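Reading the structure
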Amino acid sequence: MVRVGDTVRRPVRPWTETVHALLRHLASVGFPYAPRALGIDEEGREVLSYIDGESGPLGWAKVVEDDGLTAFARLLREYHEATADFTPPDDAVWAFGAPEPADGEVVCHGDFGPWNVVWRDRRPVGLIDFDFARPAAPLHDVAYALQYVAPFRDDTECIRWLRHPRPPDRRRRLELFCTAYGLASTAGVVDAVIREQRANAERVRRLAEAGHEPQATWAAEGYVRELEEKLAWSQTHRHLFA
């Protein structure tokens, strides 16, 4: 990925055309946070509009305080509502999943973490990296996000890497996120997170085996094993969340 002026250039993937159709839909319904799809450049890279702000590792600090966490959850709900009436192209290709949503499904972002949100102060102004977008139940994105913002991580990682000043109250943060998103209950959410952790490890493994980057490098460096260890921690410490 490289920035060129007010655009971002990224490698084309098998699902790029489908993701561009999704981005055009988001623009048409007035969703203000997604980049605009601007086509393919002379080097065969996709061209997206650049969204100015802080993203990547800087995103972790944005969701530590309650206001950032609730804004993060509301952004996800707004995104899901914006995709509810999206009809994928007949030849839709996604990184995973069925070609079009079933009843009750939306087009999930698939990688909804603080690093893929563009922030100004603690206010989200952009949502980026739709490579893992796919039709699925909204709970998939909720569970995926909660891995990182409840978070389903040990105290050492929360303090050293995720910018928490002290061990977080994980149950309260899970409830706060779910309330801000609009869930009527947290019943079943912890189980959904653990299922998503298992599925995420399998997705990374499959993409790595197919030669996709950065997953191939991640797998070579032991990242799949790390994901499996985090899954085991969640299973052992589920009492912290419910």
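Scroll up to find the structure this text is about.
This write-up is about the structure you can find in this document. These figures come from a predicted structure and were not determined experimentally.

1. Here's the deal with the pairing of strand β6 (residues 117-120)
- The sheet contact formed by β6 and strand β7 (residues 123-127) spans four bridges and is antiparallel. Counted as the bridge partner of Arg120 is Arg123 from β7.
- The turn linking β6 back onto β7 is made up of two residues, and Asp121 within it adopts a positive phi angle of 60°.

2. Regarding the sheet that holds strand β1 (residues 2-4)
- Within the open sheet, the four strands sit side by side as β1-β2-β4-β3. Their pairing is antiparallel. Among the strands making up the open sheet, the edge pair consists of β1 and β3 (37-40). Averaged over all pairs of adjacent strands, the angle between their axes in this sheet comes to 30°, without regard to strand direction.
- In this sheet, strand β4 (residues 45-49) lies alongside β3 in antiparallel orientation, the contact comprising two bridges. Note that in β4 the partner of Ile40 across the bridge is Glu46.

3. Details of the nonpolar core
- Membership of the largest hydrophobic core comes to 57 residues, with the highest contact counts inside it found for Leu26, Phe31, Phe72, Phe130, Leu146 and Phe177.
- Where this core is concerned, the elements lending two or more residues are α1 (16-28), α3 (66-83), β6, α4 (138-149), α6 (170-181), α7 (189-209) and α9 (223-236).
- Contacts of Phe177, omitting those with residues within four sequence positions, involve Leu69, Phe72, Ala73, Leu76, Val142, Ala145, Leu146 and Val149.

4. With respect to the side chain of Asp131
- Along the polypeptide, Asp131 turns up in the loop between β7 and β8 (134-136).
- By relative accessible area, Asp131 is classed as buried at 13%.
- Here Arg10 takes part through its side chain, which lies 3.1 Å from a polar atom of the side chain of Asp131.
- Here Asp131 is in contact with Arg10, Arg13, Trp15 and Ala95, once residues within four sequence places are set aside.

5. Overview of unusual backbone geometry
- Residues Ala150 and Pro151 are joined by a peptide bond in cis, for which omega reads -15°.
- A cis geometry characterises the amide bond from Glu213 onward to Pro214, with omega recorded as 10°.
- Tracing the backbone shows Pro214 in the loop between α7 and α8 (215-220).
- Positive phi is not limited to glycine here, since Arg163 has a value of about 75°.
- Mapped onto the elements of the fold, Arg163 is located in the loop between α5 (155-160) and α6.

6. Observations regarding the packing of α4 against α7
- Running from amino to carboxyl end, α4 crosses α7 at an angle of 85°, the nearest separation of the two axes being 8 Å. When the interaxial angle is binned, α4 and α7 end up roughly perpendicular. Between α4 and α7, the contacting residues are Leu139, His140, Ala143, Tyr144, Leu146, Gln147 and Tyr148 on the first element and Val189, Ala192, Val193, Glu196, Gln197, Asn200 and Arg203 on the second.
- Grouping the constituent residues of the contact of α4 with α7 by class yields eight nonpolar, four polar and two charged.

7. Brief notes about the environment of Ala199
- On the secondary structure map, Ala199 appears in helix α7.
- Under the relative-accessibility criterion, Ala199 is labelled partly exposed at 31%.
- Between the alpha carbons of Ala199 and Tyr144 there is a distance of 9.8 Å; along the sequence they are 55 residues apart.

8. What to know about the pattern of salt bridges
- Applying the stated criterion to the full structure yields 17 salt bridges.
- Ionic pairing is found between Glu43 and Arg45, a salt bridge with its closest N-O pair at 3.7 Å.
- Assessed through its relative accessible area of 57%, Glu43 is described here as exposed.
- Residue Arg172 is joined to Asp66 by a salt bridge in which the shortest nitrogen-to-oxygen separation is 2.9 Å. Of this pair, Arg172 sits in helix α6 while Asp66 is found in helix α3, placing the two residues 106 residues apart along the sequence.

9. Some points on the environment of Trp94
- Topologically, Trp94 is positioned in the loop between α3 and β5 (106-108).
- Residue Trp94 is classed as buried on the basis of its relative accessible area, which comes to 7%.
- Put simply, Trp94 and His140 are 46 residues apart on the chain and 15 Å apart in space, counted from C-alpha to C-alpha.
- Ignoring any residue separated from it by four or fewer positions in sequence, one finds Trp94 in contact with Trp15, Thr18, Phe86, Pro88, Pro99, Val107, Ala133, Arg134 and Pro135.
- Within polar-contact distance, the side chain of Trp94 engages the backbone oxygen of Pro99 at 3.0 Å.

What counts, and where the lines are drawn
What you see as residue numbers is a count from 1 along each chain, following the sequence as written. Local features in this predicted model are restricted to residues of pLDDT 70 or higher, and side-chain atom pairs are both shown and tallied only at a pLDDT of 80 or more, whereas totals for entire chains, interfaces and linings draw on every residue. The side-chain numbers reported here are obtained from all heavy atoms of the structure, hydrogens and water having been left aside. Strand pairing is defined by DSSP finding a minimum of two bridges between the two strands. Strands here are runs of E lasting at least two residues and helices are runs of H or I lasting at least four, both read from the DSSP assignment and numbered beginning at the N terminus. Angular values range over 0 to 180 degrees, each being the angle between N-to-C directions of two axes fitted as lines to C-alpha atoms, with helices fitted over their stretch in contact. Take the buried residues of types Ala, Val, Leu, Ile, Met, Phe, Trp, Tyr and Cys, join any two whose side-chain atoms come within 4.5 Å, and each joined set is a nonpolar core. Residue exposure (1.4 Å probe, protein chains only): buried if accessible area is under 20% of the type maximum, exposed if over 50%, otherwise partly exposed. We call two residues in contact when some of their heavy atoms are within 4.5 Å. Side-chain atoms alone can form a polar contact between residues adjacent in sequence; in general such a contact is a pair of N or O atoms within 3.5 Å, and within protein one must be able to donate a hydrogen while the other accepts it. To sort the angles, those under 35 degrees are grouped as roughly parallel, those over 145 as roughly antiparallel, those from 65 to 115 as roughly perpendicular, and the leftovers as oblique. Gly falls in the polar group here, along with every residue not listed as nonpolar (Ala, Val, Leu, Ile, Met, Phe, Trp, Tyr, Cys, Pro) or charged (Asp, Glu, Lys, Arg). By convention in these notes, a salt bridge is any Lys or Arg side-chain nitrogen within 4 Å of a carboxyl oxygen on Asp or Glu.

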